[in-house]
Structures are given as C-alpha cells and as structure tokens.
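# Structural characterization, general
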Amino acid sequence: DEHLPLEVAAALGLSATAAIWLVRDVLNIAARHPRVWHAVQTRQFPLWRARTIAQLVEAAGLDRVEALQVDHD
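This report concerns the structure included in the present document.

Cut-offs and rules
Residues numbered from 1 in each chain as written. Predicted model: local features only at pLDDT ≥ 70, side-chain atom pairs only at ≥ 80, totals over all residues. Heavy atoms only, no water. Axes fitted to C-alpha atoms, helices over the stretch in contact; angles between N-to-C directions. Helix = DSSP H or I, 4+ residues; strand = E, 2+ residues; numbered from the N terminus. Parallel < 35°, antiparallel > 145°, perpendicular 65-115°, else oblique. Left-handed = near helix turned anticlockwise from the far one by under 90°. Contact = heavy atoms within 4.5 Å. Nonpolar A, V, L, I, M, F, W, Y, C, P; charged D, E, K, R; others polar.

### Side note on the packing of helix α1 (residues 4-12) against helix α2 (residues 16-32)
To describe two helices that pack against each other, one gives the angle between their axes and the distance between the axes. Between α1 and α2, the least distance of the axes is 8 Å, while the angle of their chain directions is 110°. Regarding the angle of α1 to α2, the classification is roughly perpendicular. α2 is crossed by α1, and the crossing has right-handed handedness. From α1, Leu4, Pro5, Leu6, Val8, Ala9 and Leu12 reach across to α2, where they touch Ala16, Ala19, Ile20, Leu22 and Val23. A class-by-class count of the residues in the contact of α1 with α2 yields eleven nonpolar, no polar and no charged.

Below you can see the structure in the form of structure tokens.
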C-alpha cells in the first residue's frame, strides 16, 4: 500500500523519506536475502547490517540469483 511508509514514519518518528527507504530495504531483504531476513527476524543479526548488505548488493548491480548466492555464502 502506498500509505505504508507514512504510517511507518509516524510510528517510528522518521521522515517520510527515511521510512520509504526502510520499507524498501526490508522488502528487498525479505525477497532477495532469505537467510539474512530469517536471522533478523530471530534477532541473530541486526537490521542495520542486513540493510547495509542489501544496499551494497543492489549498488553492485547484482540480480536476484546473484543476491541469493550472496545470501547463501
């Protein structure tokens, strides 16, 4: 839903832009880095580090298959 970032922003006290990036990163991690996402959900890995990984993988231009390989390693 297009209003989700605004709700996240209000709930967490973030700017709308920061909330958009947070939602974007979380969706990216869940879809392209399932092992990292599981570790975040079970509190074995901090979200900020998972976000960094997802952002670096995206900046490197890796596709979904390559991102899954990074997640596996």
